[in-house]
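# Inside the fold
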Amino acid sequence: SLQWNSNAYKFCKNIVMLRSRVIPCLLIHKKGLVKTVNFKEPKYVGDPINAVKIFNEKEVDELIVLDIDASVENREPDFEMIKNLANECRMPFCYGGGVTTVEQAKKIISLGAEKVALSQSAISNTNILRSIAKEVGNQSVVVILDLKKRGILKGGGYDLYTKNGKHKADVKILDFITEINSIGIGEIVINSIDNDGMMTGYDFQLVDMIRNYTDLPITVLGGAGNLNHIKEVISRYKIIGVAAGSLFVFKGKYNAVLINYPNQ
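Quick look at the structure, then. Note that the structure is predicted; figures quoted are calculated from it, not measured. (Residues numbered from 1 in each chain as written. Predicted model: local features only at pLDDT ≥ 70, side-chain atom pairs only at ≥ 80, totals over all residues. Heavy atoms only, no water.)

Phi angles above zero are rare outside glycine, and N38 is one such case at about 55°. Along the chain, the position of N38 falls in the loop between strand 2 (32-37) and strand 3 (40-46). Positive phi outside glycine occurs at E41, with the angle close to 45°. When you line up the elements, E41 lands in strand 3. (Helix = DSSP H or I, 4+ residues; strand = E, 2+ residues; numbered from the N terminus.)

Here it is, written out as structure tokens:
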């Protein structure tokens, strides 16, 4: 019918208007903004709030903020820090680090974050994803997969890690993805430990593997060293989140600290 055709046109037009999100990822260590290489040796690069202020001016699409101490230290999220970040942010932001309960997730959302990210706690018990999604909405629940290549002698493939890459999770990756597919969370962040901070490009083999087993929205993290790397991801996968750390806090061949972001 003409009515159906009109609705279908509007739907297709909205799909075309969607675009990939380009997302700075901020790592918090000892309350400072840091950058790592292969999840090791965090280098201090500045104050998180100052970074957020600059990203506000540059009108970034979204932020991911990860407290890399919380899970390792077995402590809850720093709610005061989250509140301060949320008060400053003029863009959507996702917080991850130390989230182990529904109550914590609800508080993070109530403080102004749009999304809450889980890794270790979700891998230990996927039921927490269901419980959080019921309270704050599926669209606000994110799972971060920190993945590392196995050596050829170990049969190749990838292993899933927690606690900043220090602990190999005793789960099969594809079984875990099948489980979170059934829950219907808002997003999966694929984070390459091998490519973290290397600035040599993203691991497309890893992204392809995950995409073959899920229709959930995906954000790719780990490896961006220039804007062509981001362009390559978008050209290859179309609508997808493209996140980076080093690219947006360093500048030039000597990696001088300079908060930056591509213009329109």
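Mapped onto the elements, D159 comes out in strand 8 (residues 158-162). At 2.9 Å, the side chain of D159 and the side chain of R150 are in polar contact. When sequence neighbours within four positions are dropped, the list of residues in contact with D159 reads D146, L147, K148, R150, K168 and I173. (Polar contact = N/O pair within 3.5 Å; in protein donor to acceptor, adjacent residues only side chain to side chain. Contact = heavy atoms within 4.5 Å.)

A few words now on helix 7 (residues 173-183). Of all the residues in helix 7, the buried ones are I173, F176, I177, I180 and I183. The arc enclosing the buried residues of helix 7, seen along the axis, measures out at 110°, which places them on a common side. Of the surrounding secondary structure, the elements contacted by the buried residues of helix 7 are helix 5 (120-124), helix 6 (127-136), strand 7 (141-149), strand 8, strand 10 (187-192) and helix 8 (204-211). Residue G184 follows helix 7 closely and has a positive phi angle near 80°. (Buried < 20%, exposed > 50% of the residue type's maximum accessible area, 1.4 Å probe, protein only. Arc of directions from axis to C-beta.)

Remember that the coordinates give geometry; whether it matters functionally is a separate question.
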